[in-house]
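Reading the structure
Spelled out from the first residue to the last, the chains are:
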Amino acid sequence: MPKTDVSGLSMLGSQTETASNPEEAVLEKVPAGHAGTDYVVRFTAPEFTSLCPMTGQPDFAHIVIDYVPNEWLVESKSLKLFLHSFRNHGAFHEDCSIYIAKRLVDLLEPKWLRIGAYWYPRGGIPIDVFWQTGKPPEGVWLPDQGVQPYRGRG
């Protein structure tokens, strides 16, 4: 098994402050060690928080990110800090969800990526956001994201 080159990482193994907003947050990548093998990587953020840009009230989501690596993997500490940078950032659900996905696509240039952002209702309306880069590569095992639909209707 090859050793992963972590020499270019700035956050792993050191104390790191969370960026005050997503635009300033640093996302880092490491080489994928299994070139030529299609597999799915899943990150789940069950307690994602951002702020409503109109009211300043917190919005909460359960976010699932699946991707098939090409040459790069996202370094998980940088992803956690990136997601945490939304805590005091005002943006609509759709903007947060698509921004996260596009930042990852720009960084990783994956073979395929999808995001499922399951937002908890505030004011009675859940807003779920789904996006993907295209069809997943043929033959990859792609499990359901496993998030139950909203059931507050009685």
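Every value quoted in this text rests on a predicted model; they were computed, and no experiment measured them.

Its place among the elements puts Phe-86 in the loop between helix 1 (76-84) and helix 2 (93-108). The class for Phe-86 is buried, based on a relative accessible area of 1%. For the pair formed by Phe-86 and Phe-48, sequence separation is 38 residues and the distance between their alpha carbons is 8.1 Å. Beyond its immediate sequence surroundings of up to four residues, Phe-86 is in contact with Pro-22, Phe-48, Thr-49, Ser-50, Leu-51, Cys-96, Tyr-99 and Ile-100.

In this section: the packing of aromatic side chains. Where two aromatic rings form a pair, the distance of their centres and the angle of their planes describe that pair. Within the structure shown, the criterion is met by six aromatic pairs. Summarising the aromatic geometry, the rings of Phe-82 and Phe-86 are spaced 5.5 Å apart at their centres and angled 80° between planes, so their arrangement reads as edge-to-face. For the residue pair Phe-82 and Phe-86, the accessibility class agrees, reading buried in each case. Seen from their ring centres, Phe-86 and Tyr-99 are 6.3 Å apart, and the 70° between their planes marks the pair as edge-to-face. Of this pair, Phe-86 sits in the loop between helix 1 and helix 2 while Tyr-99 is found in helix 2, placing the two residues 13 residues apart along the sequence. With relative accessibility at 27%, the residue Tyr-99 sits in the partly exposed group. The structure contains a cluster of three or more aromatic residues connected by ring pairs, namely Phe-48, Phe-82, Phe-86, Tyr-99 and Trp-119. The ring of Trp-72 has Lys-29 sitting right over it, with the charged end atom 4.3 Å from the ring centre.

Moving on to the pattern of salt bridges. Applying the stated criterion across every chain yields a total of three salt bridges. Residue Asp-38 is joined to Lys-111 by a salt bridge in which the shortest nitrogen-to-oxygen separation is 2.5 Å. Taken together, the residues span a long stretch of sequence, with Asp-38 in the loop between strand 1 (29-31) and strand 2 (41-51) and Lys-111 in the loop between helix 2 and strand 5 (112-119) at a distance of 73 residues. Between Arg-42 and Asp-66 there is a salt bridge, with the nearest N and O atoms lying 2.6 Å from each other. Placement of Arg-42 in strand 2 and of Asp-66 in strand 3 (residues 58-68) is noted, with a sequence separation of 24 residues between them.

Right, let's get into the nonpolar core. Ranked by size, the top nonpolar core spans 27 residues in total, and within it Phe-48, Ile-63, Val-74, Phe-82, Ile-100 and Leu-104 carry the most contacts. Of all elements in the fold, only strand 2, strand 3, helix 1, helix 2 and strand 5 reach the threshold of two or more residues within this core. Broken down by element, the residue count for this core peaks at seven residues, all from helix 2. Other than its neighbours up to four places away in sequence, Leu-104 contacts Leu-27, Ile-65, Val-74, Leu-79, Glu-109, Pro-110 and Leu-113.

What counts as what
- Residues numbered from 1 in each chain as written.
- Predicted model: local features only at pLDDT ≥ 70, side-chain atom pairs only at ≥ 80, totals over all residues.
- Heavy atoms only, no water.
- Helix = DSSP H or I, 4+ residues; strand = E, 2+ residues; numbered from the N terminus.
- Buried < 20%, exposed > 50% of the residue type's maximum accessible area, 1.4 Å probe, protein only.
- Contact = heavy atoms within 4.5 Å.
- Phe/Tyr/Trp six-rings, centres within 6.5 Å; stacked < 30°, edge-to-face > 60°.
- Lys NZ or Arg CZ within 6 Å of the ring centre and 35° of its normal.
- Salt bridge = Lys/Arg side-chain N within 4 Å of Asp/Glu carboxyl O.
- Core = buried A, V, L, I, M, F, W, Y, C linked by side-chain atoms within 4.5 Å.

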